[in-house]
Every structure is written in structure tokens, then in C-alpha cells.
Amino acid sequence: MKQQVALAAVTTTAATVMAVVALVRQYWKAKQDRQWGKCQRILRKFARDCSTPVPKLWQVANAMVCDMGASLSSSDEATSSLNMFVSYASPLPTGINEKGMYYGVNLRQTKILMVCGRLQGKNQPISDLYVDEVPIPSSVMIGTSQELYDYIAAELVKFSSAHPEKDDEASANDKKLGFTVSSGDDQSTAISGSNIKLKNFAADTTGVKDLITGMNRALEKHGLKLRVHALVDDIVGNLAGGRYYDKDCVAAITLGMGTNAAYVDTTQSAPRWHDSLPKKGEIVVCMEWGNFNTCHLPITQYDTSLDAASSNPGHRIFEKMISGMYLGEIVRRVLVRMAQEAALFGQNVPPKLLIPYLLRSPDMAAMHQDTSEDREVVHEKLKEIFGITNLTTMTRELVAEVCDIVTERGARLAGAGTVAIVKKLGRIANRRSVIIMEGGLYEHYRIFRNYLHSGVWEMLGNELSDNIVVEHSHGGAGTESNAAIELAIASVFFRPVTYFGLSIRSLLRFLGSC
């Protein structure tokens, strides 16, 4: 009898435990379902707020066209979010008459990039292309400006000796040397008025004319028949290189960590600069389109918080939606909300997930373009960057979907800007227009590139889409050789340095409003 009672008690206890376990499991499953539902609601709202249907893209494009016109206007009453500048390139290369060896220098944060290439004219490709990058010694970094110029000139002597002109190309006269100063991701290059600030150098501030004079003095001292006439910004260099290859090239766009655009217009279209422009002909306009802003942009709460926490709140709004510096950060902010409000990564928010800009756009692109069945790259990246482990396949898919929403919006907005430039020129309906693209987003991020192309095609339809040709710049930004040689080519067609103060502003990619 006692055994039966004990057995019954054990059975009852076991049944009770099993019932409790079942209830606990049911509770946790219901909680997880609620949390997952919350994640899905956050995702769906984010997707709606980011949506870029064709009518929205046209609103953005038309607003940009209006701002472009207002920025070029001579009227003091015209208002524009764009602060465009004429680059005074005249004329652009044709690819037909340019012949000989061209040299260029790019002064970077701690390095010098030297490049040369032989132009053969008659629409022939550039040949004998050579690139060399040398570090700047610490002794030069802490020295005077003239010591820096002397070092550059000495390195140019070695470079030009290794890659000389042919005898029939030699000239008794000095040749122009392409020269550019690059701003890095850490904003190591800044400008104020007619001064350039190089924050990595002891002699950290120099006048534009002083740089030109000092560099030419060093070139003469070292016996080089090269002279700097102007500093060339890279976006205009890309446009000049594109025109060298194709006479229908009307614009160049950079889509990398930062973004900018330049296009070819007529002098009549820029009454603001009529006093300093020739009466007719072509001009190159640096758009600084990262500053573009309109009420039609699909701005979300995550964009607003990103902008508020930035070093330049209220500025560079377009850039903050389409450039590589910010795409990963937008994704991170969405994931933070899902983690905080819906426990996407467990009951505790991973500490590293709260660190701004820890998710870089290349890592975001790797997760987005992961084609493995269980999204292994997503798992690896989240573990490597944020220390997040034990993710379900559904969670990995959700992270990839957030990346997709951010990428699609950014790429299609860039496409709308591309269409805006061609519309401003009145070329959509009846003329072929080539747009040169460069930068890591376009070159390496396949899905971004596809979304940009499809956005342009959807806006124009079958009949007109063939009139806009969007293509990568020749050679690719990855090797840097093409972009550098384009700088060298473009510099030859620039007017004297007295106009420098207008064109150099497009170096201010990562700074606030000019």
C-alpha cells in the first residue's frame, strides 16, 4: 500500500513538473513570438519610411534640378541647399589632340602618390601607365612646408627618371604637373578661405598660392621641367578622364565613403559667375551634392538621430543617406532599437552594438551579399564586430533584410540624383549622356550598383533609359591608377591658380556646410 501511495505521489509530482515545464516553455515561446513580432513591426515600418517608389524618386530629382538652378542663379533671393562652384576647367580634354607623357602628384595624409601616363590622341587609350606611392618620413612631417615640397620634388626626380618622356615628346618649355591634396576619412585636410590646413604636418597651414609657389620653387631647384598651375579635385579629374574617353560624358559621381558629383554645363547657365567666365563655352560645376536636402527625401527617425549626433547636424543630409561612411551606421541604429525593444540578440543588449560607427559599410555589404543557405557570413560578422553569437537563421535573415532596405534606399536616391543632372542639362529625351561612377560603393557593392541602375531604368522607362549610360570609370578606383592619371590629365586644362578658391571646396567631403 505504501509503495502504491509513493508511486502515485511520484507520478503526480512528475506530472506537475512536466506541466510546469510545459507552461514555462509556452510562456517563453509566447514571449519570443511577441518579441519577434515587435522586430517585424519595426522592420516593416522602417521599410515603409525608406520606400522610394518612382514618383518619390522624381520628386527628389525635380527638387535637385530646382536647387541646381538656384545655386547657379545671380539672384540674391534664390535659395538652395546646394552650394555649387564653377571649377574653371577650360576646355576639357577631347581624347583626340592630347599627346605626350603626363605626370601627376596626389598629396595624402602620410604618403605621396605619383603617376604618369602617355596620351596618344586620336581616341587611343592611355599607355605606359605607372603609379608609385611613397611614405612621407616623420622628419619631413615635422619640418617646414618647403622641406615637404623639396621632398616631393626629389621623389619626382626619381619617378620621372624611371619613366621618362620619349625624345620626340621633350619640350624646351615647362610642362604642367597635376597636383591634388586629398582629404581623408579623419578630415585631415581642411580649408579656410585661401588656406589649406594639413593637420598631420607640423607646418599645418599654408596659403594656396604659397603651396603653388613653394612647389614650383622646389621643382626648379631639382631641375624638373614641370610646373604646378592649379590644384585639381578628384571629382573633376574623373570627369575630365571620362571626357577623354567619351565625348558624351557629361558628369562624374563619386560613391564611396563620401559622395560628390560634377557635371559639364554652359557658361550661360551660370549667371552667378558671368563676370569671371568666358562669354560662351563649357564649364565644369562641382555640385557638392552631399549638401542636398529636400522635404521629399525619405528620412527616418534613425537618420534624424544620426544627424543630431554627427559633427555637422543639419548639413550633408543627402550624403548621410547614400554614402559609405553612414550606411553601416544606419543599419546599426535599427538593430539597436530591435535589441532594446524586442530583445533581438537576447535579453541583454550586446555592449559593442551601442558603439557608433562600429559597423562599417564594407562589413554591412559582406552580410548583405551573403548567399550561403544559413547566412554564415552574417553570423561571422556579427560575432567578429559585436561579439554576438548563437543567432537563429531567422535572425540572420532579418539583419540581412535591414541591410537591404538601407542599401536600396541609398542607391535609388543616388540614381535619382543622376537623372536630375541629365534633366538639368535637357538631355534625357534626345541625347546620349554618359555618367562616370567611381568609389567603393559602386565598384565593390554589387547589390548597391544594381539598385542604382534599376532605379534609373524605372524612372526613365524602356524608351528613354538607353539615353543615360552609367558606367564605372576606366581602370577602376581600386587600383587608384586611373583616378590619379585623370587628375594629371585634368590639371593641364585648368586655368591659373587665381581661381583655385572656388574649385578646391569640393575637397571638403567630410566637413560641414561650406
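Residues numbered from 1 in each chain as written. Predicted model: local features only at pLDDT ≥ 70, side-chain atom pairs only at ≥ 80, totals over all residues. Heavy atoms only, no water.

1. A look at the overall build of the protein chain
The test is simple: In this text, helices come from DSSP runs of H or I with a minimum length of four residues, and strands from runs of E with a minimum of two, each type numbered from the N-terminal end. Only protein chains enter the calculation, and the probe is 1.4 Å; a residue is then buried if its accessible area is under 20% of its type maximum, exposed if over 50%, and partly exposed in between. We call two residues in contact when some of their heavy atoms are within 4.5 Å.
Check the secondary structure of the protein chain and you find 16 helices and 15 strands. Taking all 514 residues of the protein chain together, the buried fraction comes to 53%. Intrachain contacts of the protein chain at a sequence separation of at least 6 include 71% that bridge at least 24 residues.

2. Some points on the packing of aromatic side chains
Filter applied, for reference: The criterion for an aromatic pair is that two Phe, Tyr or Trp rings (for Trp, the six-membered ring) have centres within 6.5 Å, with stacked assigned to planes under 30 degrees apart, edge-to-face to planes over 60 apart and tilted to the rest. Think of it as a cone above the ring: NZ of Lys or CZ of Arg counts as a charge over the ring if it is within 6 Å of the ring centre and within 35 degrees of the ring normal.
Counted under the stated rule, the structure contains six aromatic pairs. The interplanar angle of 70° and the centroid separation of 6.2 Å between the aromatic rings of Y326 and Y357 together place this pair among those described as edge-to-face. In this pair, Y326 is assigned in helix α9 (residues 324-342) and Y357 in the loop between α9 and α10 (361-368), connecting sequence segments 31 residues apart. In this structure Y357 comes out as partly exposed when scored by relative accessible area, which is 34%. The structure contains a cluster of three or more aromatic residues connected by ring pairs, namely W289, F292 and F318. Above the face of the Y442 ring, R449 is positioned so that its terminal group lies 6.0 Å from the ring centre.

3. Some thoughts on the confidence of the model for the protein chain
Put simply, the rule reads: A residue's pLDDT is simply how confident the predictor is in it, with values from 0 to 100.
Taken as a whole, the protein chain shows an average pLDDT of 80; of its residues, 75% reach a score of 70 or greater. Across the protein chain, element-level confidence peaks in helix α8 (residues 317-322) with a mean pLDDT of 97 and bottoms out in helix α16 (residues 500-503) with 32. With pLDDT under 50 throughout, residues 184-197 is counted as low confidence; its partners more than four residues away or in other chains account for 48 contacts. Counting interchain partners and residues more than four positions distant, the pLDDT-below-50 stretch residues 475-485 has 24 contacts.

4. Quick notes on the pairing of strand β11 (residues 249-255)
Note the following rule: Being paired, for any two strands, means DSSP has found at least two bridges between them.
Summarising burial for β11: seven of the seven residues are buried, a large majority. Pairing geometry for β11 and strand β14 (residues 433-438), over five bridges, is parallel. Bridging across to β14, T254 finds its partner in E438. Note: β11 against strand β12 (residues 259-266), five bridges, orientation antiparallel. Across the sheet, T254 pairs through a bridge with N260, a residue of β12. The hairpin formed by β11 and β12 contains three residues between the paired strands.

5. Notes on the packing of helix α2 (residues 54-72) against helix α14 (residues 446-465)
Cut-off, in case you're wondering: With axes taken as lines fitted to C-alpha atoms, and helix axes fitted only over the stretch in contact, angles between N-to-C directions fall between 0 and 180 degrees. These descriptions rest on fixed angle ranges, namely under 35 degrees for roughly parallel, over 145 for roughly antiparallel, 65 to 115 for roughly perpendicular, and the rest for oblique. In this classification, the charged set is Asp, Glu, Lys and Arg, the nonpolar set is Ala, Val, Leu, Ile, Met, Phe, Trp, Tyr, Cys and Pro, and all remaining amino acids, among them Gly, are polar.
At a minimum axis separation of 10 Å, α2 and α14 run at an interaxial angle of 90°. The angle between α2 and α14 falls in the class roughly perpendicular. Across from V54, L57, W58 and A61 in α2, the residues of α14 making contact are G455, E458, M459 and L460. Per-class residue counts for the contact of α2 with α14 are six nonpolar, one polar and one charged.

6. As for helix α11 (residues 376-386)
Here α11 has its buried residues at V378, H379, K381, L382, I385 and F386. Structurally, α11 contributes buried residues whose contacts are with α9, α10 and α12 (393-424). Immediately beyond the C-terminal end of α11, within one or two residues, lies G387, with a positive phi of roughly 70°.

7. Focus on the sheet that holds β11
One open sheet accounts for six strands, arranged β1-β13-β12-β11-β14-β15; its pairing is mixed. Taken across any chain shown, the strands that pair with only one partner, and hence form the sheet edges, are β1 (85-86) and β15 (468-472). Helix α6 (residues 234-245) rests against β11, β12, β13 (282-286) and β14 of the sheet, and its axis sits at about 140° to β11. The strands touched by α14 within the sheet are β11, β14 and β15, with β15 carrying the most contacts at an inclination of about 160°.

8. Remarks on the environment of A270
Inspection of the secondary structure puts A270 in the loop between β12 and β13. Linking A270 and V285, residues 15 residues apart in sequence, is a C-alpha distance of 9.3 Å.

9. Quick look at unusual backbone geometry
In this model, Y357 sits at a positive phi of 65°, which is unusual for a non-glycine residue. At N390, a residue that is not glycine, the phi angle is positive and equals roughly 55°. Looking at the element boundaries, N390 is found in the loop between α11 and α12. What makes N390 exposed here is its relative accessible area of 75%.

10. Re the pattern of salt bridges
Worth spelling out the cut-off: The term salt bridge refers to a pairing of a side-chain nitrogen on Lys or Arg with a carboxyl oxygen on Asp or Glu at a separation within 4 Å.
If you walk through the whole model with that rule in mind, you get 22 salt bridges. A salt bridge links E341 to R337, with the shortest nitrogen-to-oxygen separation between them at 3.1 Å. In this pair, E341 and R337 are both assigned in helix α9, four residues apart and thus about one turn of the helix distant. What makes E341 partly exposed here is its relative accessible area of 42%. With its nearest N and O atoms 3.8 Å apart, the salt bridge here joins R360 to D363. R360 sits in the partly exposed class, given a relative accessible area of 48%. Within the structure, one salt-bridge network assembled from shared partners comprises D246, K247, D248 and R432.

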